[in-house]
Amino acid sequence: MTKTVLVLCTHNACRSQLAQALLEHDLAPAVRAISAGTQPASEVPAEVFAALRLAGLPAEWLVPKSLDTVLEVPVDLVVTVCDDAKESCPLFPYPAPRLHLSFPDPMGQPLARFLEVRDEIRARLVPAVRQALGL
């Protein structure tokens, strides 16, 4: 059975988008990842798409989404990837375990920083999600 993981960040522009794409790829077919933001940005920065393409991952489908659009989606795990999202994460209409791992925000920095954050998410978050879900 596929597990659904919700990745939350404040703007749903960088870290949560990278995490969503990495989880979808690295833990497929066992995991379906979705992401959202407590205050979503208007777009995903070009550097996120570049960082994912350089890792051989598709990314064209990534767009910022509001937390409101996913509140009713049943999930098996809620992951926060920034401290602000952890603090403002609402109560969900269903019980869901939570996992928090904070990553630096690469917004406005060179592509090299996005690559570092991508690799850190892959090294820390993917195994933590695998363990939290018992995969």
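Asks: How would you sum up the side chain of Thr 80? Please name residues and give values.
Replies: Relative to the elements of secondary structure, Thr 80 occurs in strand S3 (residues 77–80). On the basis of relative accessible area, Thr 80 is assigned to the buried category, the value being 6%. In this structure the side chain of Thr 80 is engaged in a polar contact, spanning 2.7 Å, whose partner is the side chain of His 100.

Asks: Tell me what's going on with the pattern of salt bridges, and back it up with residues and numbers.
Replies: All chains considered together, the criterion is met by five salt bridges. With a closest N to O distance of 3.7 Å, Asp 105 and Arg 15 form a salt bridge. Within this pair, whereas Asp 105 is found in the loop between strand S4 (98–100) and helix H4 (111–132), its partner Arg 15 is found in helix H1 (residues 15–26), the two being separated by 90 residues in sequence. Judged by its relative accessible area of 34%, Asp 105 is partly exposed. For Arg 15, a relative accessible area of 10% corresponds to the buried category.

Asks: Quick one: what's the story with the packing of helix H2 (residues 46–54) against H4, residue by residue and with numbers?
Replies: When two helices pack together, you describe them by how their axes are tilted relative to each other and by the distance separating the axes. Contact geometry for H2 and H4: axes closest at 9 Å, N-to-C directions at 60°. The angle between H2 and H4 places the two elements in the oblique class. Crossing geometry of H2 relative to H4 is assigned as right-handed. Along its contact with H2, which presents Glu 47, Val 48, Ala 50, Ala 51 and Leu 54, the element H4 presents Leu 111, Phe 114, Leu 115 and Arg 118.

Asks: Break down the environment of Pro 64 for me, with residues and values.
Replies: Along the chain, Pro 64 turns up in the loop between H2 and S3. With 20 residues separating them in the primary sequence, Pro 64 and Val 44 have C-alpha atoms 6.4 Å apart. Residues in contact with Pro 64, not counting those within four places in the same chain, are His 11, Asn 12, Gln 17, Pro 40, Ala 41, Ser 42, Glu 43 and Val 44.

Asks: I'd like a rundown of the pairing of strand S1 (residues 3–9), residues and numbers included.
Replies: Across the seven residues of S1, six count as buried, placing the element largely inside the fold. Judged from the seven bridges that link them, S1 and strand S2 (residues 31–37) form a sheet pairing that is parallel. The partner of Val 7 across the bridge, within S2, is Ser 35. Crossover handedness for the path S1 to H1 to S2: right-handed. Of the pairings in the sheet, the one linking S1 to S3 comprises four bridges and is parallel in character. Residue pairing across strands places Leu 6 opposite Val 78, the latter belonging to S3.

The rules we used
- Residues numbered from 1 in each chain as written.
- Predicted model: local features only at pLDDT ≥ 70, side-chain atom pairs only at ≥ 80, totals over all residues.
- Heavy atoms only, no water.
- Helix = DSSP H or I, 4+ residues; strand = E, 2+ residues; numbered from the N terminus.
- Buried < 20%, exposed > 50% of the residue type's maximum accessible area, 1.4 Å probe, protein only.
- Polar contact = N/O pair within 3.5 Å; in protein donor to acceptor, adjacent residues only side chain to side chain.
- Salt bridge = Lys/Arg side-chain N within 4 Å of Asp/Glu carboxyl O.
- Axes fitted to C-alpha atoms, helices over the stretch in contact; angles between N-to-C directions.
- Parallel < 35°, antiparallel > 145°, perpendicular 65-115°, else oblique.
- Left-handed = near helix turned anticlockwise from the far one by under 90°.
- Contact = heavy atoms within 4.5 Å.
- Pairing = 2+ DSSP bridges.
- Right-handed = clockwise from strand over helix to strand, strands pointing away.

Remember that the coordinates give geometry; whether it matters functionally is a separate question.
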